[in-house]
Amino acid sequence: MQLSCPMPKLDFDIITLGHGSGGTLTNRLLESGVFNLLANPLLNEKHDGAIFSLEGKLAFSTDSYVIHPIFFPGGNIGELAVNGTVNDLSMCGALPKYLSLSFIIEEGLPMTQFWEILCSIKAAADNAGVSIITGDTKVVEKGKGDQLFINTSGIGTLHPKADIKLSNIKAGDKIIVSHQIAAHGMAILSVREGLEFETQIVSDTTPLHDIVALLLDTFGNDIHLLRDPTRGGVASVLNEIAKDSRMGIVLQESSIPVDDQVQGACELLGLDPLYVANEGVFLAIVSPHIADALVTLLSTQSKTSLAACIGTIVPDHPGQVILHSKIGGKRVVNMLPGEQLPRIC
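Everything numeric here is computed off the predicted structure, so don't read it as measured data. (Residues numbered from 1 in each chain as written. Predicted model: local features only at pLDDT ≥ 70, side-chain atom pairs only at ≥ 80, totals over all residues. Heavy atoms only, no water.)

## Regarding the UniProt feature "domain: PurM-like N-terminal" (unreviewed entry) in the protein chain
Part 1: Annotation from UniProt places "domain: PurM-like N-terminal" (unreviewed entry) at residues 47-157.
Part 2: Overall, residues 47-157 shows 30% helix and 41% strand. The separation of its end C-alpha atoms is 23 Å. (UniProt positions renumbered as here; feature names shortened; annotations may be inferred. Helix = DSSP H or I, 4+ residues; strand = E, 2+ residues; numbered from the N terminus.)

Here it is, written out as structure tokens:
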């Protein structure tokens, strides 16, 4: 989502070490438009923290974003940071409410780029219905960072019908993927490698809180587990689930949705889409009797229109993920042994 937020007139063009000093220059940076752009009653207190009330069970999550490059097809580090933490809360079955926002900026970052990222953060927060209520800014010397790192922490209230936990998984449960996989990782890699395709591959970064709330409203505790397959992709997340649950997983390769251009890019670079990062996709492990209805409901939503049932939880081969290939064979899908695509989120 794009937000019209013209950059204010400033008497500096780049961010310097002094802007992270906590003194006059820091105050000038924050008062130059940052506080106005992100304004809400809690942030406007300009305290070291925020005081607020929430009722019921809460979910809390934190994440740091070191993606390179900080601008990429389909987004930038700012909206990625908001969406990523919103989605982490959503995977707990929570309704995101508040975020913290902390920057580590390398001196020399152009203020125009910083402002564009701030505008994206504002747009993403508004889109997700969350308020940024506290934060921090630090600046490091040239060469000691990579333009910009962001940390976001989030808090939300648990959905009344949510019971999302590993111990709920049972043999026979179905594994649903919400949309086509591997778009985010390939969007980042295409920029890094200077690859050109018939149409541009764009990141799938998007908030998923609304979709998750809809599913919980409709199916409640028949949704046993939710996970977003970011770093390490679908394969790594499913391996974690198989290992921790002491169950086996069977996947059907023919059912896994992958965009043709993304698939082609993966083949060109010798990558398996199952291991490539996603930022707008989730996996749901659900009771078998709701699987078809859940996929049908997801297919009515633009963010999840290509949802599919891709596998089953089984009592056999505990701790392993077995893929039934399109050509009829079987293979073990192992955990990603190292960092396939560094600095991907």
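What follows continues from the structure just given.
## A word on the pairing of strand E4 (residues 94-106)
Part 1: Sheet topology places E4 next to strand E6 (residues 148-158); eleven bridges connect them, and they run antiparallel. Among the inter-strand pairings, Leu 101 is bridged to a residue of E6, identified as Thr 152.
Part 2: Sheet topology places E4 next to strand E5 (residues 131-140); nine bridges connect them, and they run parallel. Counterpart to Phe 103 in the pairing with E5 is Thr 137.
Part 3: This β-α-β element, E4 to helix H3 (residues 111-128) to E5, shows right-handed connectivity. (Pairing = 2+ DSSP bridges. Right-handed = clockwise from strand over helix to strand, strands pointing away.)

## Here's the deal with the pattern of salt bridges
Part 1: This model, assessed by the stated rule, comprises nine salt bridges.
Part 2: Here Glu 31 ties to Lys 46 by a salt bridge, and the two come within 2.8 Å at their closest N and O atoms. Note that Glu 31 is positioned in helix H1 (residues 24-37) and Lys 46 in the loop between H1 and strand E1 (58-65), a separation of 15 residues in sequence.
Part 3: Look at Glu 31 and you get partly exposed, because its relative accessible area is 37%.
Part 4: On the basis of relative accessibility, which here comes to 45%, the residue Lys 46 falls in the partly exposed class.
Part 5: Arg 343 serves as the salt-bridge partner of Asp 146, at 3.1 Å between the closest nitrogen and oxygen. One end of the pair, Asp 146, is in the loop between E5 and E6; the other, Arg 343, is in the segment after strand E13 (330-332), with 197 residues separating them in the sequence. (Salt bridge = Lys/Arg side-chain N within 4 Å of Asp/Glu carboxyl O. Buried < 20%, exposed > 50% of the residue type's maximum accessible area, 1.4 Å probe, protein only.)

## So, the sheet that holds E1
Part 1: Taken in spatial order, the four strands line up as E1-E6-E4-E5 in an open sheet, and their pairing is mixed. With partners counted over all chains shown, the strands left at the sheet margins are E1 and E5, one partner each. Across the sheet, the mean angle from the axis of one strand to that of its neighbour is 15 degrees, orientation sign disregarded. (Axes fitted to C-alpha atoms, helices over the stretch in contact; angles between N-to-C directions.)

## Things to note about the domain arrangement of the protein chain
Part 1: For the protein chain, the assigned domains read domain 1 (17-158) and domain 2 (166-333).
Part 2: Between domain 1 and domain 2, roughly 1,700 Å² of surface is buried when both sides are summed, and carbon and sulfur atoms account for 64% of that area.
Part 3: Considering only the surface of domain 1 that becomes buried against domain 2, Pro 73, Asn 87 and Met 91 emerge as the three largest contributors, covering 37% of it.
Part 4: For the pair domain 1 and domain 2, the number of links is zero salt bridges.
Part 5: The tally of links between domain 1 and domain 2 comes to seven residue pairs in polar contact (both at pLDDT 80 or more).
Part 6: Those elements that place two or more of their residues in the side of domain 1 that touches domain 2 are helix H2 (77-91), E4 and H3.
Part 7: Residues of the side of domain 1 that touches domain 2, tallied by class, amount to ten nonpolar, seven polar and two charged. (Domains from an automatic or database assignment. Buried area = accessible area lost by both parts, 1.4 Å probe. Polar contact = N/O pair within 3.5 Å; in protein donor to acceptor, adjacent residues only side chain to side chain. Nonpolar A, V, L, I, M, F, W, Y, C, P; charged D, E, K, R; others polar.)

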